[in-house]
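# Survey of secondary and tertiary structure
Residue strings, one per chain:
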Amino acid sequence: MSQTLLEMAKDLVMAQIEAQRLPPDEMHAALQQTYASLQALKAQEDVNGTVAVVTPERPSKPVNWRKSITKHAVTCLECRASFKQLSVRHLKDHGLDGRSYRAKYGIPRTQPLSAKETTAIRKEIVQRSRPWEKAPTYLKAHEKAQKAVAQRKRTAPRKGTVKKKA
Ligand SMILES: [Zn+2]
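What comes next concerns the included structure. (Residues numbered from 1 in each chain as written. Predicted model: local features only at pLDDT ≥ 70, side-chain atom pairs only at ≥ 80, totals over all residues. Heavy atoms only, no water.)

## Thoughts on the side chain of Ser114
With respect to the helices, strands and loops of the structure, Ser114 is situated in the loop between α4 (98-105) and α5 (116-129). A polar atom in the side chain of Ser114 sits 2.8 Å from the side chain of Thr119. Look past the residues within four positions of Ser114 in its chain and what remains in contact with it is Ile69, Val74, Lys84, Gln85, Thr119 and Arg122. (Helix = DSSP H or I, 4+ residues; strand = E, 2+ residues; numbered from the N terminus. Polar contact = N/O pair within 3.5 Å; in protein donor to acceptor, adjacent residues only side chain to side chain. Contact = heavy atoms within 4.5 Å.)

## Here we look at the pattern of salt bridges
For the structure shown, the criterion picks out five salt bridges. Across the salt bridge formed by Glu78 and Lys104, the nearest N and O atoms sit 2.8 Å from each other. Residue Glu78 is found in the loop between β1 (74-75) and β2 (82-83), and its partner Lys104 is found in helix α4; the two are separated by 26 residues along the sequence. Between Glu124 and Arg128 there is a salt bridge, with its nearest N and O atoms 2.7 Å apart. Here Arg128 and Glu124 lie together in helix α5, a separation of four residues that amounts to about one turn. (Salt bridge = Lys/Arg side-chain N within 4 Å of Asp/Glu carboxyl O.)

Here it is, written out as structure tokens:
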């Protein structure tokens, strides 16, 4: 690259402004974004010599991770130790975290790294306390939905409200 990244980013953004595809007051944000993208590309280029298409990392030999998670235990696929739950601290000993561990062994992101029994108990606790109902976005949506229901009730013809005689 003969130009510096910043020069390139500036030229790209200026070209967009000249083409009137970008309002001038958005230049700063666009410049930052473009620069960051170029920087990321440059970093890749430096590593590989060419800009490589990112391919997901695959384990050298397929490990059946399903066997590592049983009802009563989860087995660390790095060192074969068993736990109720594979902790972040333990994974750190292997230089991994939940994400990289899952990626390494092809474990889905949604798979809890704990014994099935432990997962079930935790699920039950979560179900019972319903923490998402305390989240502002949930409350807002819920309120909206309730208002809509109330409105529908007000405007809808009365149905099912007729008292049954015994
Ligand atoms: Zn381990």
